[in-house]
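An overview of the molecular structure
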Amino acid sequence: MPTFKAVVIDKTEAAQSVRLADFDAKDLMDGDVDVRPEWSTVNYKDGLALTGKAPVVRRFPMIAGIDFAGTVESSSHPGWRAGDQVILNGWGLGETHLGAYAQKARVKGDWLVRLPASMAARDAMAIGTAGYTAMLAVMALERDGITPARGAVVVTGAAGGVGSVAVALLAKLGYAVTASTGRPAEAPYLKELGAAEVIDRKELSGQPRPLAKERWAGGIDTVGSATLANVLSMTRYGGSVAACGLAGGMDLPVTVAPFILRGVSLRGIDSVMCALPLRQEAWRRLETDLDRGKMATMTNEIALADVIDAGRRIVEGQVRGRIVVKIA
Ligand code: NDP
């Protein structure tokens, strides 16, 4: 394949541009495994990269796309051979290394996770980096001893990708989920995913107090800023909050009060450089702990050519659930 289709981001002094283009295979970066990506997704970070709203992309030209599922075409890595089905999340894909929205990718074999046996490549990318991050966040709460018996868990940005999967996972594991959303019209969708209660995100976006009434044992926050500060101030004694996003801002206007007076823990979640054993565990858990029927209700499929528009919509907060991208 001398050239292949790819969504390419370029930058001149004047501006950043993005287009579906023919990319020359000889310009691929170093790697020991060639993969044919079959499915990808549109995550919030993809939206930031495609629109240029944040400096996600560190080299130009860049093929966008931070994750894919596909088939190995050739490999000089001992762990992989032609025909293996693989998943890649992060490791700089679409940021420092040519990315996923392409008919061909050359990557490091050490970055790959085997596609779980009962999942099709499309299933894996319906989950995508958003869903795998939600799983990492749930696992972090479990490590902190937050069991369903401890009380409710709040999920912020609940109608988004990470949020939707977090709600579905927690509900299936038996937690009472409080879903916070700015889109009240999505309340039936969130209840369908398993939320016990849906609250307006305005309840969490006001000026945070050092401590507020205790409402939940744990939280998964995708919003950051005042929202995360309010979630922490409302977390019960000994609770834990997993922070994974910044859809509302990168700052954190919090005091030490929740930590030193209520023993609350704040756990950081990073999906990009996360160690391989934790990734493998997360994908194993996603195979068993996520209701595939619920995934179907939260997933919309688009073609490679539609990725650029979807990137704009996700940073504008207009996307519900997950977008899966058909590359083949
Ligand atoms: P989505 O856009 O799908 O979801 C984000 C949700 O946040 C929106 O749907 C909306 O939910 C809410 N939201 C958006 N803007 C605001 C705002 N200004 N104030 C309050 N809430 C807002 O994105 P993803 O689910 O893909 O990602 C969510 C976040 O997690 C992003 O910041 C992303 O960068 C981060 N992330 C981090 C990862 C990591 O490794 N740490 C990996 C993956 C994602 P609603 O309409 O329900 O209120």
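Before any of the text, the structure's been laid out above.
The structure presented is a predicted model; accordingly, all values stated were derived computationally and were not measured.

A few words now on the overall build of the protein. Counting secondary structure elements, the protein contains 9 helices and 16 strands. Over its C-alpha atoms the protein spans a radius of gyration of 20 Å, differing by no more than 12% from the 20 Å that the globule rule assigns to 328 residues. For the protein, the C-alpha atoms occupy an extent of roughly 60 × 45 × 35 Å along the three principal directions. Taken across its 328 residues, the protein has 55% of its residues classed as buried. In the protein, of all internal contacts separated by at least 6 residues, the share reaching a separation of at least 24 is 72%.

For the rest of this paragraph, the subject is the site of the ligand. Inspection of the region around the ligand gives 23 residues, with V162, T181, R183, R201 and S271 positioned closest. At 2.7 Å from an oxygen atom of the ligand is found a main-chain nitrogen or oxygen belonging to V162. For the ligand, a nitrogen atom lies 2.8 Å from a polar atom in the backbone of I269. For the ligand, whose unbound accessible area comes to 910 Å², protein coverage reaches 86%. Residue composition of the shell around the ligand, grouped by class: 10 nonpolar, 10 polar and 3 charged.

One open sheet holds the 3 strands; their spatial order is β2-β1-β4, and the pairing between them is antiparallel. Both outer strands of the open sheet, β2 (16–24) and β4 (62–63), are each paired with one neighbouring strand and no more. Examined bridge by bridge, strand β1 (residues 3–11) and β2 share 9 bridges and lie antiparallel to one another. Bridging across to β2, V8 finds its partner in R19. Packed onto the sheet, helix α1 (residues 44–51) meets β1 and β2 and runs at close to 100 degrees relative to β2.

All right, on to the packing of aromatic side chains then. For the structure shown, the criterion picks out 2 aromatic pairs. Between F4 and F23, the aromatic rings sit 5.6 Å apart at their centres with planes inclined by 45 degrees, giving tilted as the arrangement. Residue F4 is located in strand β1, and its partner F23 is located in strand β2; the two are separated by 19 residues in the primary sequence. F23 gets classed as buried once you look at its relative accessible area, which sits at 7%. Taking 6.2 Å as the distance between ring centres and 15 degrees as the angle between the ring planes, the aromatic pair formed by Y132 and W283 counts as stacked. Here the residue Y132 occupies a position in helix α2 (residues 121–143), and W283 occupies one in helix α7 (residues 276–289), the gap between them amounting to 151 residues. Neither residue differs from the other here; Y132 and W283 are each classed as buried. The aromatic ring of W39 is capped on one face by R122, whose charged end is 5.5 Å from the ring centroid. If you follow R320 out to its NZ or CZ, it ends over the ring of Y189, 4.0 Å from the centre.

Here the focus is the side chain of E186. Assignment of secondary structure puts E186 in the loop between β10 (177–181) and α4 (187–193). E186 sits in the buried class, given a relative accessible area of 16%. Engagement of the side chain of E186 in a polar contact is seen with the side chain of R320, the distance being 3.1 Å. Look past the residues within four positions of E186 in its chain and what remains in contact with it is A159 and R320.

This next bit is on the pairing of strand β13 (residues 235–243). Bridging between strand β12 (residues 216–221) and β13 involves 5 bridges; their strand directions are parallel. Considered in β13, the bridge of W216 is made with T235. Chirality of the crossover, the property in question, places the unit of β12, helix α5 (residues 225–233) and β13 among those that are right-handed. Sheet topology note: the β13/strand β14 (residues 265–268) ladder contains 4 bridges and is parallel. Paired with V241 across the strands is L266, a residue of β14.

A sheet is described by the order of its strands in space; here 6 strands give the open sequence β11-β10-β9-β12-β13-β14, paired in parallel fashion. The open sheet has two edge strands with one neighbour each: β11 (197–200) and β14. In this sheet, neighbouring strand axes are inclined to one another by 20 degrees on average, regardless of whether the strands run parallel or antiparallel. Seen against the sheet, helix α3 (residues 161–172) touches β9 (153–156), β10 and β12 and runs at an angle of roughly 160 degrees to β9. The sheet strands contacting α5 are β9, β12, β13 and β14, and the helix crosses β13 at an angle near 150 degrees.

What counts, and where the lines are drawn
- Residues numbered from 1 in each chain as written.
- Predicted model: local features only at pLDDT ≥ 70, side-chain atom pairs only at ≥ 80, totals over all residues.
- Heavy atoms only, no water.
- Helix = DSSP H or I, 4+ residues; strand = E, 2+ residues; numbered from the N terminus.
- Rg over C-alpha atoms; globule rule 2.2 N^0.38 Å.
- Buried < 20%, exposed > 50% of the residue type's maximum accessible area, 1.4 Å probe, protein only.
- Contact = heavy atoms within 4.5 Å.
- Near = heavy atom within 4 Å.
- Polar contact = N/O pair within 3.5 Å; in protein donor to acceptor, adjacent residues only side chain to side chain.
- Areas by Shrake-Rupley, 256 points an atom, 1.4 Å probe, with all protein chains shown as cover.
- Nonpolar A, V, L, I, M, F, W, Y, C, P; charged D, E, K, R; others polar.
- Pairing = 2+ DSSP bridges.
- Axes fitted to C-alpha atoms, helices over the stretch in contact; angles between N-to-C directions.
- Phe/Tyr/Trp six-rings, centres within 6.5 Å; stacked < 30°, edge-to-face > 60°.
- Lys NZ or Arg CZ within 6 Å of the ring centre and 35° of its normal.
- Right-handed = clockwise from strand over helix to strand, strands pointing away.

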